[in-house]
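The chain contents come next:
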Amino acid sequence: MDRAEAVIPAQDTRAAAPGGTTVDDAPTTGFRPGGIGPRVDPYLLATVFFAAFLALSVTRYRRMLTMSWDLGIFEQAVGSYAHFHAPVADLKGPGFNILGDHFSPITALIAPFYRVFPSPVTLLVAQALLFALSIVPVTRGAAHLLGRGRGLAVGVAYGLSWGVQRAVEFDFHEIAFAMPLLAFSLEAVLRRKWAPAMWWALPLIFVKEDMGVTAAAIGAIVWLRTRKETEPDAGSESMSGAPSGAGSVSGSGSVGGSGSVRGEDVVPAPRADGAEAPEAEESGTRAEEPPRLSDGMRYGPYALGLVSLGVLASALAFAVIIPAFNSAGGYDYWNKLNGNGAPMPGHIPFGTAVHTLLWILLPTTGLLALRSPLLLAALPTIGWRFISHDDHYWGTEWHYSAVLMPVVFLALVDAAALSRRSPRPWLRSYASGLPAAAAGAALALTLTMPLASLSHSDTYKVDAHTKAVEKLLETVPSGSSVEANVGPISRLVHRTTVYWVGDTQGISPDYIVIDNSSGWVPDPLTYAKQLHPNAEYQQIVNAEGYVIMHRTSPPNS
């Protein structure tokens, strides 16, 4: 027995069958669905990460470390939904309907909670919960196929992955909803539960305009997987998720695959008197039963339907829905794809593309995920990022790689399970150790990642400067109109109407509030005059790096 066979045996437990053959009496994973411990593992791990993600987000909010205007934009849109209004985000322009920027109506699901708790923290809690929820199917799917220990290792590696940590750090984004949808969908694919896999993928079309193509990719994966079914399968939707028939037994007693075995797959031993076995006597009766459809015939048409629907949904969002809500009648991000007026004139450098791909696949999966067709679900996101002319999309910063993490980790699980049947001992051994290696890599990288800040006592303290700034911002009356940059947005959106500085489109707001810590505005009153030549403003605060100016002239004068 080589090391790989000792670590991941071909089968775990067997029951004796007639004639000396053996039959698996449990999935070859070591994961016991009936055990309380293994069943709660994914939920306990998700709870731990929920606490960690929430702590990271809330402590950053308390210290006013918001990284961009995105949190304010989503808060305005969700606040509009909460009051049964169109999702207007004034930060994008006065009266701007956010559906004219990105098609993300799924964010309306947060609205009921925001109505009760009108604070940006509500959005941060929702994001932490959604990210943590995605850990459940990743851990559960890994434990089902690879065993409890490896399942926990994969869950830890996923929760600590750099793509997830970067996204949690970067305030709030709609892709938080994609995380559990992708994870549950691909877990169902691994368990050969084709209908749930497609149902979980379907809502992706409401997350963002490009995610319809990702849903289509999952439909293609289901279609490819079900086409491999060579005979009818009654167990693909079973609770165990183990492929029925995948562990069929030959006359020599060998077991193939990783699933449980149907009774009709066992060849009965002949009786000592030479008479035909009872099972054989009933074979004619079974032959007269109507044949079951194979998975390919049952689910293939629906999978192709999901492919078509996903592509169509994205096409409609890009060409019809978003332009209909956009004040300019178009899609504002086409220039980043076609290069006309794009931030970067050229395409992604080859070295940058290789660097990003290696970060996506090497520390997370040791490149083993390349053996799994589940990786097809990552291609749409990687594709639009790499063909764009915006260098923000090319690297590993921000939140753009988060949706790739459920895909690559479940692809790792799939590839590791497939590699157990490889005739190459080194590959079986490599696949056996990868879950632990991925967890170790994630733990090591976390030392330089956002979650590492939770180990520092200063993370939980609000310094005197932040307290002073919050006190200054309280001088802005609730219900006012405010023109602001990133710094004060998170403290004002829930109680005032906030416009982005320099983009009020002729409106003279009641207040101009700017974070001037870097000194980018040498003379605030002169700057206010440049922004609003026909309005008069009085500086009422200039302290702690923040400037507050109040309009003294009549509105829109």
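A brief structural summary. (Residues numbered from 1 in each chain as written. Predicted model: local features only at pLDDT ≥ 70, side-chain atom pairs only at ≥ 80, totals over all residues. Heavy atoms only, no water.)

Time to look at the overall build of the protein chain. Counting its secondary structure elements, the protein chain contains 21 helices and seven strands. Split into buried and exposed, the 557 residues of the protein chain put 53% on the buried side. The contacts in the protein chain between residues at least 6 apart in sequence include a share of 71% that link residues at least 24 apart. Only carbon and sulfur atoms are counted for the fraction: they give 63% of the accessible area of the protein chain, which is about 24,000 Å². (Helix = DSSP H or I, 4+ residues; strand = E, 2+ residues; numbered from the N terminus. Buried < 20%, exposed > 50% of the residue type's maximum accessible area, 1.4 Å probe, protein only. Contact = heavy atoms within 4.5 Å. Areas by Shrake-Rupley, 256 points an atom, 1.4 Å probe, with all protein chains shown as cover.)

Within strand β5 (residues 511-515), four of the five residues are buried, which leaves the element mostly enclosed by the surrounding structure. When strand β3 (residues 481-484) meets β5, the two strands line up parallel, connected through three bridges. Considered in β5, the bridge of A484 is made with V513. Bridge count for β5 against strand β7 (residues 546-551) is five bridges, and the pairing is antiparallel. Paired with I512 across the strands is M549, a residue of β7. (Pairing = 2+ DSSP bridges.)

Position of D41 among the secondary structure elements: in helix α2 (residues 36-62). Once residues within four sequence positions are removed from consideration, D41 is found in contact with R148 and L152.

Buried together is how nonpolar side chains tend to be arranged in soluble globular proteins. One finds F53, F131, L204 and F409 to be the most contacted residues of the largest nonpolar core, which totals 114 residues. In terms of residue count, helix α5 (residues 120-146) provides more of this core than any other element does, 13 residues in total. Formed by 21 residues, the second largest nonpolar core is a distinct cluster that contains A89, V482, I489 and V541. (Core = buried A, V, L, I, M, F, W, Y, C linked by side-chain atoms within 4.5 Å.)

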